Amino acid sequence: MNNRSMSTRLFDHIDLRVRNRENAQRFYAQILPAIGFRIDKSGKRWGLFEAEGSVAVDFFGFEEEADHQPNGNRIAFWASSHEAVDKVAEVVRQAGGRNIEGPELCVEYSPGYYAVFFEDPDGNKLEVCHRESATIAE
């Protein structure tokens, strides 16, 4: 495989299930713009927020599934600095994020790993982090 033809963009989108679309819409309409998904293209069926750009941009979508059960999976968003993590953490608090931990330094993950961990209204686990070094494999 020719690695030079690979994109530096490795993810395209997140497709999340929520129990209550209306609650999720209120929550994510506050959180996602603070992370960088500033274009709200939500419709009747989907909540949809895109990053700014011209053609194929990253997006975060969510759809109601009445029997959705959260699990141990976590979606982590990258932040450019500790200050950016702090700003998103404040938005999460104001938006009613649940089970908020941090922001805090998590050196057990890697040196300089700084993050806030939280859950959306349905219990889906999320994180916003800034890493200053590579991850540590055990």
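Caption draft 1: Highlighting the overall build of the protein. Within the protein one finds two helices and eight strands. Ordered by position in the sequence, the α and β elements of the protein form the string β-α-β-β-β-β-α-β-β-β. For the protein, whose C-alpha radius of gyration is 16 Å, the value lies close to the compact-globule estimate of 14 Å for 138 residues. Principal-axis analysis of the C-alpha atoms gives the protein an extent of 40 × 40 × 25 Å. Of all 138 residues assigned to the protein, the portion counted as buried reaches 38%. Sequence-distant contacts, at least 24 apart, represent 52% of the contacts inside the protein between residues at least 6 apart. When the accessible surface of the protein is summed, it comes to about 8,500 Å², and 49% of that surface belongs to carbon and sulfur atoms. Positive and negative side-chain charges of the protein, numbering 16 and 23 respectively, have mean locations separated by a distance of 5 Å.

Caption draft 2: Layout of the nonpolar core. Counting 25 residues, the largest nonpolar core has Tyr28, Phe60, Phe62 and Val128 as the members making the most contacts within it. Those elements that place two or more of their residues in this core are β1 (13–18), α1 (21–35), β4 (59–64), β5 (74–78), α2 (82–95), β7 (114–119) and β8 (125–130). Beyond its immediate stretch of four places on either side in the chain, Tyr28 contacts Leu16, Pro33, Phe49, Phe60, Phe62, Asp120 and Leu126. With five residues, the next largest nonpolar core counts Cys106, Tyr113, Ala115 and Phe117 among its residues.

Caption draft 3: Structural detail: the sheet that holds strand β2 (residues 39–40). Judged by pairing direction, the sheet is mixed, and its four strands sit side by side in the order β1-β4-β3-β2 without closing on themselves. Strands with a single pairing partner mark the edges of an open sheet, and in this sheet they are β1 and β2. By the bridge criterion, two bridges tie β2 to strand β3 (residues 46–50) in an arrangement that is antiparallel. Counted as the bridge partner of Asp40 is Phe49 from β3.

Caption draft 4: Region of the structure containing the pattern of salt bridges. The full count for this structure, using the stated rule, is ten salt bridges. The partner of Asp15 in a salt bridge is Arg17, with the nearest N and O atoms 2.4 Å apart. A residue is classified by how much of its surface remains accessible, and Arg17, at 23% relative accessible area, is partly exposed.

Caption draft 5: Fine view of the packing of α1 against α2. Their axes nearest at 9 Å, the elements α1 and α2 cross at an angle of 175°. Taken together, α1 and α2 sit at an angle that is classed as roughly antiparallel. Contacts between α1 and α2 involve Phe27, Gln30, Ile31, Ala34 and Ile35 from the first element and Val88, Val91, Val92, Gln94 and Ala95 from the second. Tallied by class, residues from the contact of α1 with α2 come to eight nonpolar, two polar and no charged.

Criteria and cut-off values
- Residues numbered from 1 in each chain as written.
- Predicted model: local features only at pLDDT ≥ 70, side-chain atom pairs only at ≥ 80, totals over all residues.
- Heavy atoms only, no water.
- Helix = DSSP H or I, 4+ residues; strand = E, 2+ residues; numbered from the N terminus.
- Rg over C-alpha atoms; globule rule 2.2 N^0.38 Å.
- Buried < 20%, exposed > 50% of the residue type's maximum accessible area, 1.4 Å probe, protein only.
- Contact = heavy atoms within 4.5 Å.
- Areas by Shrake-Rupley, 256 points an atom, 1.4 Å probe, with all protein chains shown as cover.
- Lys, Arg positive; Asp, Glu negative; His and termini not counted.
- Charge placed at Lys NZ, Arg CZ, Asp CG, Glu CD.
- Core = buried A, V, L, I, M, F, W, Y, C linked by side-chain atoms within 4.5 Å.
- Pairing = 2+ DSSP bridges.
- Salt bridge = Lys/Arg side-chain N within 4 Å of Asp/Glu carboxyl O.
- Axes fitted to C-alpha atoms, helices over the stretch in contact; angles between N-to-C directions.
- Parallel < 35°, antiparallel > 145°, perpendicular 65-115°, else oblique.
- Nonpolar A, V, L, I, M, F, W, Y, C, P; charged D, E, K, R; others polar.

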